[in-house]
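# What the coordinates show
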Amino acid sequence: MSRSSAIVLALTALLAAGCASLHETRMAQAASVAGVAQESFGKPAWGRQGEFLLNGQRVRYERGAERLALFEPLPAALRTPLRFSWAGPAGDSAAVCEAWTPEQSANGRLTDSRPWVLSCRWGSAPAAMLQIGEGQMRRGRLGREGAYRRGELTVGLRSVHLREGSVQPQAAAVGYEMLYQGTVVGSLDLGGAQPRLRRPDPATPLGRAVTEAALALALAWEPSR
């Protein structure tokens, strides 16, 4: 092999490694979930409809638009952006999600943003509801916050804007945290080509709540291409 060919191959390998490193950028994790095993799921591109497996359990979905993301404008006239079902340990659960864009807030004007609200309902007993929309302004970044509720169980939701090893927050979310009684109990890392989920046992009520919330948030996001 000539010296020039060896140099080209070395540069190509370095470039590929660099691209892979960027592709696999990770979300900063709270200490309470840092040791929890993560599960990758989904596809490199959602599209309008499809299905995938989460730990062997089938998820089917329909999205109302080719592009759908909480940190992008809501597509015009789209009122039902998402439907999905999950064949979980407690049986099948199905969600229907609606969306709307409220009047622009003072924080929205500062960031030139019109955050929209995602609201999902599950009819399986006891009925559950998730709602997430505009959150707090932190270091010039407008987050998304909300909650998932099923019976007496409430799980808080908030966007995360810090990448692992970075001190500079991103404008769009790198992922989301799920909180129970003020402690992070689950996380959804959206820094790569596929979502990565850390969660309690999905056979428990808390694990079910975290999983259903994470599925809704992941499907309202555009995977890296």
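### Focus: the overall build of the protein chain
In terms of regular secondary structure, the protein chain is built from three helices and twelve strands. Classification of the 225 residues of the protein chain by burial places 43% in the buried group. In the protein chain, once contacts between residues fewer than 6 apart in sequence are set aside, the share between residues at least 24 apart is 49%. Only carbon and sulfur atoms are counted for the fraction: they give 53% of the accessible area of the protein chain, which is about 11,300 Å².

### Side note on the packing of aromatic side chains
Ring pairs (aromatic) are described by centroid distance and by the angle formed between their planes. The full count for this structure, using the stated rule, is six aromatic pairs. Here the aromatic rings of Phe52 and Tyr61 are separated by 6.2 Å at their centres, their planes lie at 45°, and the arrangement is tilted. Of the residues examined, Tyr61 reaches a relative accessible area of 3% and is grouped as buried. Members of the aromatic cluster, each reached through a chain of ring pairs, are Phe41, Trp46, Phe52 and Tyr61. A cation sits over an aromatic face here: Arg144 above Phe71, 3.9 Å from the ring centre.

### Points about the nonpolar core
If you look at the biggest cluster of nonpolar residues, it comprises 47 residues, and the most contacted ones within it are Phe84, Leu130 and Leu188. Counting residues per element, this core draws most heavily on helix H3 (residues 205-219), which supplies ten residues. Leaving out residues up to four positions away in the same chain, Leu188 has contacts with Met27, Phe41, Val174, Gly175, Tyr176, Met178, Pro195, Arg196, Ala214, Leu217 and Ala218.

### Focus: the sheet that holds strand E11 (residues 183-189)
The sheet built from twelve strands is open, its strands ordered E1-E12-E11-E10-E9-E8-E7-E6-E5-E4-E3-E2 with antiparallel pairing. Every interior strand has two partners, whereas the edge strands, strand E1 (39-40) and strand E2 (49-54), have only one. Bridging between E1 and strand E12 (residues 196-198) involves two bridges; their strand directions are antiparallel. Directly across from Ser40, in E12, lies its bridge partner Arg196. On the sheet, H3 packs against E2, strand E3 (57-63), strand E4 (82-88), strand E5 (91-100), strand E6 (117-122), strand E7 (128-138), strand E8 (141-150), strand E9 (153-160), strand E10 (175-180), E11 and E12 and is oriented at approximately 145° with respect to E4.

### Focus on the pairing of E4
With burial as the criterion, only one face of E4 is covered, namely that bearing Leu82, Phe84, Trp86 and Gly88; the residues Arg83, Ser85 and Ala87 on the opposite face remain uncovered. Of the pairings in the sheet, the one linking E3 to E4 comprises five bridges and is antiparallel in character. Across the sheet, residue Arg60 finds its bridge partner in E4, namely Ser85. Where E4 and E5 come together, seven bridges link them in antiparallel fashion. Each residue of the ladder has a partner; that of Leu82, found in E5, is Cys97. Between E4 and the antiparallel strand that follows it, E5, lie two residues.

### Looking at the pairing of E9
One face of the sheet, then the other: side chains in a regular strand alternate in exactly this way. Summarising the sheet, E8 and E9 pair through six bridges and their orientation is antiparallel. Paired with Glu145 across the strands is Arg158, a residue of E9. Here E8 hands over to E9 after two residues, with Gly151 in that stretch at a positive phi of 60°. Summarising the sheet, E9 and E10 pair through five bridges and their orientation is antiparallel.

### Focus on the environment of Leu157
The topology assignment puts Leu157 in strand E9. The exposure class assigned to Leu157 is buried, which follows from its relative accessible area of 3%. Each C-alpha atom, one on Leu157 and one on Val210, is 9.4 Å from the other, the two residues being 53 residues apart in sequence. Setting aside its immediate chain neighbours within four residues, Leu157 contacts Leu130, Ile132, Arg144, Glu145, Gly146, Ala147, Tyr148, Glu177, Met178 and Ala213.

About the criteria used
- Residues numbered from 1 in each chain as written.
- Predicted model: local features only at pLDDT ≥ 70, side-chain atom pairs only at ≥ 80, totals over all residues.
- Heavy atoms only, no water.
- Helix = DSSP H or I, 4+ residues; strand = E, 2+ residues; numbered from the N terminus.
- Buried < 20%, exposed > 50% of the residue type's maximum accessible area, 1.4 Å probe, protein only.
- Contact = heavy atoms within 4.5 Å.
- Areas by Shrake-Rupley, 256 points an atom, 1.4 Å probe, with all protein chains shown as cover.
- Phe/Tyr/Trp six-rings, centres within 6.5 Å; stacked < 30°, edge-to-face > 60°.
- Lys NZ or Arg CZ within 6 Å of the ring centre and 35° of its normal.
- Core = buried A, V, L, I, M, F, W, Y, C linked by side-chain atoms within 4.5 Å.
- Pairing = 2+ DSSP bridges.
- Axes fitted to C-alpha atoms, helices over the stretch in contact; angles between N-to-C directions.

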